[in-house]
Amino acid sequence: MALGLSPVPLRLRLHDRVLVATDRPLVMGVLNVTPDSFSDGGRHPTAESAVARAFHMAKEGADLIDIGGESTRPGAEPVTVEEETRRVLPILERLLEAGFSLPVSVDTRHAATARLALDRGAHIVNDVSALSDPGMVSVLLDSGAPAVLMHMQGEPRTMQAEPAYRDVVEEVMEGLAEKRDAAVEAGVSPGAIVLDPGLGFGKRTGGGAEDNCVLLSRLPRLHALGHPLLVGASRKRFIGNLTGAPVESRMPGSLAAALAAAWAGAAIVRVHDVAETVQALSVAAALDPSDWSTRWHGDHDPQVQKP
Ligand code: HH2
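Here the structure is a predicted model, which is why all the values come from computation and not from measurement. (Residues numbered from 1 in each chain as written. Predicted model: local features only at pLDDT ≥ 70, side-chain atom pairs only at ≥ 80, totals over all residues. Heavy atoms only, no water.)

Asks: I tried to follow the environment of Lys 179 on my own but got confused; where do I start?
Replies: Mapped onto the elements of the fold, Lys 179 is located in helix α5 (residues 168-185). With 51 residues separating them in the primary sequence, Lys 179 and Leu 230 have C-alpha atoms 15 Å apart. What Lys 179 contacts, discounting residues up to four positions off in sequence, is Ser 129, Ala 130, Ser 132 and Leu 149. Within the local environment of Lys 179, its side chain forms a polar contact with the backbone oxygen of Ala 130, the two atoms lying 3.4 Å apart. (Helix = DSSP H or I, 4+ residues; strand = E, 2+ residues; numbered from the N terminus. Contact = heavy atoms within 4.5 Å. Polar contact = N/O pair within 3.5 Å; in protein donor to acceptor, adjacent residues only side chain to side chain.)

Here's what the structure looks like:
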């Protein structure tokens, strides 16, 4: 039984293979090689430990790995290209040398970093700023690499100060459509674009407004954009706001969000807890939600309702 509703199947042409999603969303394992990422910052201080983590996630069932050298958590200060490449490139080189078999995306807002990473064998650009660097389109055109374009209101340093929306779903869609149109007009193939609503990136959370839940609940609406969708909910602040769980205890909430995204037709889920997510998705993929509609119409035992 296929999981989810995506009317736009994921089929990305990478430089050495085609990446497809079949019966469940692909699991993208997060590998942050930063000192300050909100959940795994400082966990991989050496290239060896980062490479070991990548292999571990592959063993756990990840379908691809996302390597980032700049934290984009709320309040994070930007890093220079020099610092970012110093963090990311040695990992890519070692992964290549060691024959790492999974596709790798590079999580960067910088065209220069993306170009160097693609030269070192990375397959996909994951750009949370959705091509804000004017050089990024040329990188995509020269390399032919697919890109994830994410919605963000503002920029990481200030984005959670006062996010504001009339209608978060419609505005996220408008923002993504605008970025997609600009990319396509510049020559990027529509088939090489994955879109992402950007949970936690300039979205209201806590205090009554919960844009991240609205976006997750209404994710099927985003299929109208006509691109595969990536969702990154893993361990984010809104899960803490909903549950009181500190960042290191948000795995169960993250699984619930990944399942919701999967049932809503996400093509890729970006997660820190790979083994747990793969297990949850595998079970969910074995179920048939279309049977749920019979739940209230089947045999009904009135005894059950008696006090
Ligand atoms: N979230 C983060 C980073 N990159 N990319 C996409 N496409 N979608 C996301 O939701 C997304 C992303 C933030 O999470 P993390 O990398 O764990 O933290 P940090 O930015 O602090 O490194």
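Asks: For this particular structure, what's the right way to read the packing of helix α1 (residues 47-59) against helix α2 (residues 81-97)?
Replies: Packed helix pairs are specified by the crossing angle of their axes together with the interaxial distance, meaning the distance between the axes. The contact between α1 and α2 brings their axes to 9 Å, and the two run at 55 degrees. The pairing of α1 with α2 is recorded here as oblique in orientation. As α1 runs across α2, the sense of the crossing is right-handed. Seen from α1, the contacting residues are Ala 47, Glu 48, Ala 50, Val 51, Ala 54 and Phe 55; seen from α2, they are Ile 91, Arg 94 and Leu 95. Residues that form the contact of α1 with α2 fall into these classes: seven nonpolar, no polar and two charged. (Axes fitted to C-alpha atoms, helices over the stretch in contact; angles between N-to-C directions. Parallel < 35°, antiparallel > 145°, perpendicular 65-115°, else oblique. Left-handed = near helix turned anticlockwise from the far one by under 90°. Nonpolar A, V, L, I, M, F, W, Y, C, P; charged D, E, K, R; others polar.)

Asks: Whenever I open this one, the layout of surface pockets confuses me. Can you help?
Replies: If a probe as big as a water molecule is rolled over the atoms, it shows which places are left empty. Roughly 450 Å³ of volume is contained in the largest pocket. Taken together, 31 residues make up the lining of the largest pocket; nearest its centre are Phe 38, Thr 72, Arg 73, Phe 201 and Lys 236. Partitioned by chemical class, the residues of the lining of the largest pocket number nine nonpolar, 12 polar and 10 charged. Along its surface, the second largest pocket is lined by 14 residues, and Val 33, His 44, Pro 45, Thr 46 and Arg 87 are the ones closest to its centre. The element that contributes the greatest number of residues to the lining of the second largest pocket is α2, accounting for four residues. Split by residue class, the lining of the second largest pocket holds six nonpolar, five polar and three charged. (1 Å grid on protein atoms, 1.4 Å probe; cavity = no way out; pocket = protein on both sides within 12 Å on 5 of 7 lines; lining within 4 Å. Points joined across faces, edges and corners; volume = space filled by probe spheres on them.)

Asks: Is there a simple way to think about the pattern of salt bridges in this case?
Replies: Where charged atoms from two side chains of opposite charge approach closely, those side chains can pair. Enumeration according to the criterion identifies 16 salt bridges in this entry. Between Arg 24 and Asp 63 there is a salt bridge, with the nearest N and O atoms lying 3.2 Å from each other. With Arg 24 in the loop between β2 (18-20) and β3 (26-32) and Asp 63 in the loop between α1 and β4 (64-68), this residue pair connects regions lying 39 residues apart in the sequence. In this structure, the salt-bridge partner of Asp 107 is Arg 270, at a minimum N-O distance of 3.2 Å. Within this pair, whereas Asp 107 is found in strand β5 (residues 104-107), its partner Arg 270 is found in strand β10 (residues 268-271), the two being separated by 163 residues in sequence. For Asp 107, a relative accessible area of 8% gives the class buried. Each of Asp 66, Asp 107 and Arg 270 takes part in a single network of salt bridges with overlapping partners. (Salt bridge = Lys/Arg side-chain N within 4 Å of Asp/Glu carboxyl O. Buried < 20%, exposed > 50% of the residue type's maximum accessible area, 1.4 Å probe, protein only.)

Asks: How do you make sense of the nonpolar core when you look at a structure like this?
Replies: Grouped burial of nonpolar side chains is what soluble globular proteins tend to show. Among the nonpolar cores identified, the biggest contains 74 residues, and Ile 67 and Ile 91 are the most heavily contacted of them. No other element matches the seven residues that α5 contributes to this core. Setting aside its immediate chain neighbours within four residues, Ile 67 contacts Leu 31, Val 33, Val 88, Ile 91, Leu 92, Leu 95, Val 104, Ser 105, Val 106 and Asp 107. Residues Leu 12, Met 28, Val 148 and Leu 230 belong to the second largest nonpolar core, which totals 14 residues. (Core = buried A, V, L, I, M, F, W, Y, C linked by side-chain atoms within 4.5 Å.)

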